[in-house]
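Chain and residue survey
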Amino acid sequence: MSERDREHHRERNPEQYQHRARKRFGQNFLHDAGVIDRILRAIRPREGERLLEIGPGQGALTEGLLSSGAQLDVIELDKDLVPILQHQFAGHGHFNLHQGDALKFDFNTLGAAPRSLRVVGNLPYNISTPLIFHLLSHAALIRDMHFMLQKEVVERLAAGPGGGDWGRLSIMVQYHCRVEHLFNVGPGAFNPPPKVESAIVRLVPHTTLPHPAKDHRLLERVVREAFNQRRKTLRNALKALLGADQIEAAGVDGSLRPEQLDLAAFVRLADSLAQPTNA
Ligand code: SAM
């Protein structure tokens with residue numbers, strides 16, 4: 001059989017082929033039925049809802065999501081998984097597969113109503129942070145997100161000020177979302193097992209931002225600059241952006257370290273960089 005014939009045969013008879021997990025796609029497939037069930041119970045999908053699964057893989061979560069009667073779109077990068085997923089789920093009226101890179105996907109094309117989209121994914125760990133930022137740029141579309149991530153990343157997402165986990169990721173995600181660290185999952189739940197512990201996190205975009213910044217990009221700039229030099233005092237870390245008097249005028253003690261400041265204080269610093277608007 002030529003390579004091409006083999007490919008056609010594989011497409012038509014996916015059930016005869018065993019998919020080998022690929023490292024470069026971050027493939028660690030869930031196989032523990034207890035963990036899968038616990039994740040599905042945390043999500044509680046309902047008939048008529050709009051769900052989006054990122055990286056369905058071999059469908060470990062997909063089955064349970066679809067059986068709720070919800071409308072499910074999935075985005076999978078690995079072309080070899082497409083026939084397997086189509087074979088398993090295409091008969092389902094509510095299933096829609098998009099082959100491609102979730103990092104480049106325009107979520108507006110899904111035609112979901114504002115605040116309706118429920119995003120789910122056992123995410124490839126190498127793309128989890130950029131993907132969360134990409135999704136947050138569509139926060140107005142999203143009702144909630146449930147992700148399996150490295151436990152260490154979930155701890156940073158859910159951290160509060162004052163500790164080593166509090167940083168750019170915690171601040172920028174908590175600017176947009178309420179964060180809940182739901183539960184941890186050990187490596188044995190996956191095939192192949194990852195080297196690290198994992199955890200499930202729930203992110204719920206705020207309906208009204210608790211600390212809106214005048215310009216969101218300035219907040220990103222201040223936070224990035226501050227945490228690039230997290231051991232320095234704020235006065236020194238932010239020297240290129242703000243003078244000591246501006247920091248003080250924002251009600252912030254310049255002798256503190258960046259990790260001691262809460263989100264509201266970072267927003268005040270960012271606002272003091274914003275051009276005054278002509279009233
Ligand atoms: N959901 C499945 C499970 O729980 O068993 C698979 C999880 S596996 C950790 C991550 C999945 O994301 C893989 O199927 C991988 O091919 C897919 N993936 C990797 N990078 C992706 C990307 N940029 N966009 C969409 N899917 C991606």
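Residues numbered from 1 in each chain as written. Predicted model: local features only at pLDDT ≥ 70, side-chain atom pairs only at ≥ 80, totals over all residues. Heavy atoms only, no water.

Considering the pairing of strand E3 (residues 71-76)
Taken residue by residue, a regular strand's side chains alternate between the two faces of the sheet. Counting buried positions over the six residues of E3 gives five, a clear majority of the element. For the crossover from strand E2 (residues 50-54) across helix H3 (residues 62-67) to E3, the handedness is right-handed. As defined by bridge partners, E3 adjoins strand E4 (residues 95-99) across five bridges and the pair is classed as parallel. The residue of E4 that forms the bridge with aspartate 73 is asparagine 96. Taken together, E3, helix H4 (residues 81-89) and E4 form a β-α-β motif whose crossover is right-handed. (Buried < 20%, exposed > 50% of the residue type's maximum accessible area, 1.4 Å probe, protein only. Helix = DSSP H or I, 4+ residues; strand = E, 2+ residues; numbered from the N terminus. Right-handed = clockwise from strand over helix to strand, strands pointing away. Pairing = 2+ DSSP bridges.)

Describing the UniProt feature "binding site: S-adenosyl-L-methionine" (unreviewed entry) in the protein chain
Sites flagged by UniProt as "binding site: S-adenosyl-L-methionine" (unreviewed entry) map to Asn28, Leu30, Gly55, Glu76, Asp101 and Asn122. Summarising the element assignment, leucine 30 is placed in strand E1 (residues 29-30). Residue leucine 30 is classed as buried on the basis of its relative accessible area of 8%. Discounting chain neighbours no more than four positions away, the residues touching leucine 30 are Val35, Ile36, Ile39, Ala60, Leu61, Asn122, Met148, Ala189 and Phe190. With respect to the secondary-structure elements, glycine 55 resides in the loop between E2 and H3. (UniProt positions renumbered as here; feature names shortened; annotations may be inferred. Contact = heavy atoms within 4.5 Å.)

Some remarks on the side chain of glutamine 174
In this fold, glutamine 174 is placed in helix H7 (residues 168-176). Within the structure, the side chain of glutamine 174 is placed 2.8 Å from the backbone oxygen of alanine 159, a separation counted as a polar contact. Those residues in contact with glutamine 174 that lie beyond four places of it in its chain are Leu157, Ala158, Ala159, Trp166, Val179, His206 and Leu263. (Polar contact = N/O pair within 3.5 Å; in protein donor to acceptor, adjacent residues only side chain to side chain.)

Topic: unusual backbone geometry
With omega at -10°, the peptide bond leading from asparagine 191 into proline 192 counts as cis. Assignment of secondary structure puts proline 192 in the loop between strand E8 (190-191) and strand E9 (198-205). One non-glycine residue, arginine 44, lies in the positive phi region at around 50°. Here arginine 44 is to be found in the loop between helix H2 (33-43) and E2. Classification of arginine 44 as exposed rests on a relative accessible area of 53%.

Observations concerning the packing of aromatic side chains
Counted by the stated rule, this structure contains three aromatic pairs. Aromatic pair phenylalanine 105 and phenylalanine 107: ring centres 5.5 Å apart, planes at 50°, arrangement tilted. Taken as a pair, phenylalanine 105 and phenylalanine 107 share a single burial class, namely buried. Between arginine 38 and the ring centre of phenylalanine 183, over which it is positioned, the NZ or CZ distance is 4.0 Å. (Phe/Tyr/Trp six-rings, centres within 6.5 Å; stacked < 30°, edge-to-face > 60°. Lys NZ or Arg CZ within 6 Å of the ring centre and 35° of its normal.)

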